[in-house]
Amino acid sequence: MSTSSNNINNFMEKMNLNFGHVYRNLPIPILVEHVLKNKEGVLGEKGEIICRSGKYTGRTPKDKFFVDEDSTRDTIWWGGINQKIPEKSFDILLDDIRNKLQGKDMYVFDGFAGASEANQIKVRIITMKAWHAHFVTNMFIRPRPEDLDNFEPDFTIINACELTAGDKWESLGLNSETFAIFNLAKKTAIIGGTEYAGEMKKGIFSVLNYQLPFKDVMPMHCSANKNNKGEVSLFFGLSGTGKTTLSTDENCYLIGDDEHGWSDEGVFNFEGGCYAKTINLSKEKEPGIWNSIKFGAILENVVYDEQTRKVNFSDSSITENTRVSYPIYHIDKIEPSGCGAHPKYIIFLTCDAFGVMPPVAKLTPEQASYHFLSGYTAKVAGTELGVNEPTSTFSTCFGAAFMVRYPEVYADLLSKKMKQHNTKAFLVNTGWFAGSYSQSSRIDIKTTRGIIHNISNGAIDKCSFKKDFVFGYEIPITLGDIPRELLDQRSAWSDPNEYDKQRMKLANMFVDNFKQFEEHASHLKPFGPKLS
């Protein structure tokens, strides 16, 4: 069993932390024993651990803050996503953590974020819970024994999940008793009041999103795979657009499913594991995720039979955001290095419930930057509100919650790297076709997979295109074995004039959303929709 070492002791002394026993980098079987002994979870039917995250079953974005200090103040994109908090408040809460955790046994994971050695960071994550230590062991890149000898972290997260800010939260500038505060200058984050494990994963992603652009490395919220020729495709998309499903392809090798960097050497995975949604999971639809649920995996907030431990993946009574965490090697076809060449193709996935976006369209690098900033998808409005039309959703860079720098930093990096490496970008609609959601049905997965294959095998490069005079992108007239009638949205509508109205309505939404970027990214405005 790995316990505290001189390296850890020196760190604890430097940080003025006085824990009891420190369990460092325990192997998964021993972590599972601790989870069961501590009654933090139960063993599932397939050998996985099943845990609950308590009050919070997702991230709490209103409780995420960055310390407002001199060295980073001018480079953080302040606002509702990256909220300011005084350094004094951070120091007060860190002192609270020191006092309340004094003498308590804790778990430490030391490892890496970033498969590229030139661009990775050393992360140290300190947790109260064994299942949180298991989670980060799954999600980050595990060290070799020799890596631990003189391990000095580049960033540390102290997850004091059971502690809150108490009744002083308001005076500290918080929005509730819960907090996730990042002090980039001190290279430390503190978490309290939430047991949701994803806060740690996305916290390190946020740190990389801040740091890497200074090195001319593009951090990306996307999945990545490569085909048999080694050609890499990136898949950007918000929840429900098919990012995980489409990147996990039997004809390709998965590089990673969620977070990547793009450096001068190529693409690299930030992580060593996967964190997939499991609501309505089935073996038929998602065999890769299904088969990865076994010993070493963690299921969060699922409903299961107490007697058989069989999970009911369709039961959302706890949350819609049920999740599974597992090491990436649970998937059969992976790129074990976590690295790939410069991407040949970038695919922006949108689930367009308006039925306006074509099933596939080609973008210029500037148009790609515009759509990247926009981060568009749509969701069907809830029937309980009596709304009969879809709602547009825009998430900057397809991951606004984790973008710490100003958005144009990422958009300009994307355009620059696309031009440097002749990367081609495509918009793929996984939403509705031949009408809006109330009039038609979603594009079937078989058609979308066929489109993706015709992009990755180069067939789309030989096509003839026509230009959409509102959005400006180019739509293929034919594409391999995809029927022509499945490529043309406007012709597929029973009333083309009604399509034109919907298209202008959506175009106006894009223009209105882009106004927030005009001060710093006015050069991209001409590459958005034309309203006249």
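Residues numbered from 1 in each chain as written. Predicted model: local features only at pLDDT ≥ 70, side-chain atom pairs only at ≥ 80, totals over all residues. Heavy atoms only, no water.

Overview of unusual backbone geometry
So the rule is basically this: Helix and strand definitions here come from DSSP, where helices need a minimum of 4 consecutive H or I residues and strands a minimum of 2 consecutive E residues; each element is numbered from the N-terminal end. We call a residue buried when its accessible area falls under 20% of the maximum for its residue type, exposed when it is over 50%, and partly exposed in between, using a 1.4 Å probe and counting protein chains only.
Positive phi values are uncommon outside glycine, yet K39 reaches one of about 60 degrees. With respect to the helices and strands, K39 occurs in the loop between α2 (28-37) and β2 (41-43). Overall, the relative accessible area of 77% leaves K39 in the exposed class. For K187, which is not a glycine, the phi torsion comes out positive at approximately 55 degrees. Residue classification places K187 among the partly exposed positions, given a relative accessible area of 45%.

Here we look at the packing of aromatic side chains
The line we're drawing: Each Phe, Tyr or Trp ring, with Trp reduced to its six-membered ring, pairs with another whose centre is within 6.5 Å; inter-plane angles below 30 degrees give stacked pairs, above 60 give edge-to-face pairs, and intermediate values give tilted ones.
Under the counting rule described, the total for this entry stands at 27 aromatic pairs. Pairing W493 with Y499 gives two aromatic rings, centres 5.6 Å apart and planes at 70 degrees, and the pair type is edge-to-face. Just as W493 is buried, Y499 falls in that class too. What links up through ring pairs into an aromatic cluster is the set Y376, F394, F471, Y473 and F510.

Examining the pattern of salt bridges
Condition: Note on definitions: salt bridges are taken to be side-chain nitrogens of Lys or Arg within 4 Å of carboxyl oxygens of Asp or Glu.
In the structure shown here, the tally under the stated rule is 32 salt bridges. In this structure, R73 engages D70 in a salt bridge whose closest nitrogen and oxygen atoms are separated by 2.7 Å. Given a relative accessible area of 64%, D70 falls into the exposed group. Among the ionic pairs, K515 bridges to D512, the shortest N-O distance being 3.4 Å. Taking relative accessible area as the criterion, D512 reaches 46% and is therefore assigned partly exposed. When salt bridges that share partners are traced, they join K201, K202, K243, D258, E259 and E271 into one network.

Section: the pairing of strand β5 (residues 83-86)
Worth spelling out the cut-off: When DSSP finds two or more bridges between a pair of strands, those strands are recorded as paired.
Of the two faces of β5, only one is covered, namely that formed by Q83 and I85; the face formed by K84 and P86 stays uncovered. Bridge analysis of strand β4 (residues 64-68) against β5 gives four bridges, and the strand direction is parallel. Its bridge partner being in β5, D68 is matched across the sheet by P86.

A short note on empty space enclosed by the protein
The probe, sized like a water molecule, is rolled over the atoms to show the empty space still left. Heads up, the rule is: Both cavities and pockets are sets of points on a 1 Å grid over the protein atoms alone; in a cavity a 1.4 Å probe fits but cannot get out, in a pocket the set is open with protein on both sides within 12 Å along at least five of seven lines, and lining residues sit with an atom within 4 Å of a point. Grid points are joined across faces, edges and corners, and a volume is the space filled by probe spheres set on the points. In this classification, Asp, Glu, Lys and Arg are treated as charged, Ala, Val, Leu, Ile, Met, Phe, Trp, Tyr, Cys and Pro as nonpolar, and every other residue, Gly included, as polar.
Under the definition given, this model contains four cavities of 30 Å³ or more. What lines the largest cavity is simply N225, K226, N227, E231, S233, F235, L246, D249, C252, I452, H453 and S456. Counting only elements with at least two residues in the lining of the largest cavity, the list comes to β11 (218-226), β12 (232-237) and α10 (445-456). Looking at the lining of the largest cavity, the element that brings in the most residues is α10, giving three residues. Its residues assigned to classes, the lining of the largest cavity comprises four nonpolar, five polar and three charged.

Structural notes on the layout of surface pockets
Space inside the second largest pocket adds up to approximately 480 Å³. Around the second largest pocket sit 23 residues that line it, and A115, I141, R142, P336 and S337 are the ones nearest its centre. Looking at the lining of the second largest pocket residue by residue, the classes come out as eleven nonpolar, six polar and six charged.

Considering the environment of K55
Position of K55 relative to the elements: it lies in the loop between β3 (49-51) and β4. K55 sits in the exposed class, given a relative accessible area of 72%. Along the sequence, K55 and K446 sit 391 residues apart, while their C-alpha atoms lie 39 Å from each other.

What about the sheet that holds strand β7 (residues 121-127)?
To summarise the sheet geometry, strands pair through backbone hydrogen bonds and adopt either a parallel or an antiparallel arrangement. Applied cut-off: To obtain each axis, a line is fitted to C-alpha atoms, and for helices this fit is confined to the stretch in contact; angles are then taken between N-to-C directions over 0 to 180 degrees. Residue contacts are counted whenever heavy atoms from the two residues lie within 4.5 Å of one another.
Strand order in this open sheet of eight strands is β1-β6-β7-β8-β10-β9-β4-β5, and the pairing throughout is mixed. Each having just a single partner strand, β1 (22-24) and β5 make up the two edges of the open sheet. Adjacent strand axes in the sheet meet at a mean angle of 25 degrees when their direction is disregarded. With five bridges joining them, strand β9 (residues 179-183) and strand β10 (residues 188-192) adopt antiparallel strand pairing. Looking at β10, one finds that A180 is bridged to I191. Where helix α1 (residues 6-15) meets the sheet, it contacts β1, β6 (106-113), β7, β8 (155-160) and β10, and its direction lies at approximately 75 degrees from that of β7.

Things to note about the sheet that holds β2
Within the open sheet, the five strands sit side by side as β2-β3-β17-β20-β16. Their pairing is mixed. The sheet is open, and its two borders are formed by β2 and β16 (273-277), each paired with just one other strand. Adjacent strand axes in the sheet meet at a mean angle of 20 degrees when their direction is disregarded. Where β3 meets strand β17 (residues 298-300), three bridges bridge the pair, whose relative direction is parallel.

A short note on the nonpolar core
Basically, it comes down to this: Throughout this description, the term nonpolar core refers to a set of buried Ala, Val, Leu, Ile, Met, Phe, Trp, Tyr and Cys residues connected via side-chain atoms within 4.5 Å.
Judged by nonpolar contacts, the single largest core of 100 residues is most densely connected at I204, L234, F236, I346, F348, F372 and F471. Those residues in contact with F236 that sit more than four places away from it in its chain are M220, H221, C222, K243, I346, I347, F348, L349, F372 and F398. In this structure, F65, C161, L163 and F179 belong to the second largest nonpolar core, which totals 29 residues.

Some points on the packing of helix α8 (residues 365-374) against helix α12 (residues 496-514)
Defined as follows: By the definition adopted for this analysis, an angle is roughly parallel if under 35 degrees, roughly antiparallel if over 145, roughly perpendicular if from 65 to 115, and oblique otherwise.
At a minimum axis distance of 10 Å, the contact between α8 and α12 shows a crossing angle of 80 degrees. With respect to each other, α8 and α12 are oriented roughly perpendicular. The residues of α12 that touch α8, namely those facing Y370, H371, L373 and S374, are F510, V511, N513 and F514.

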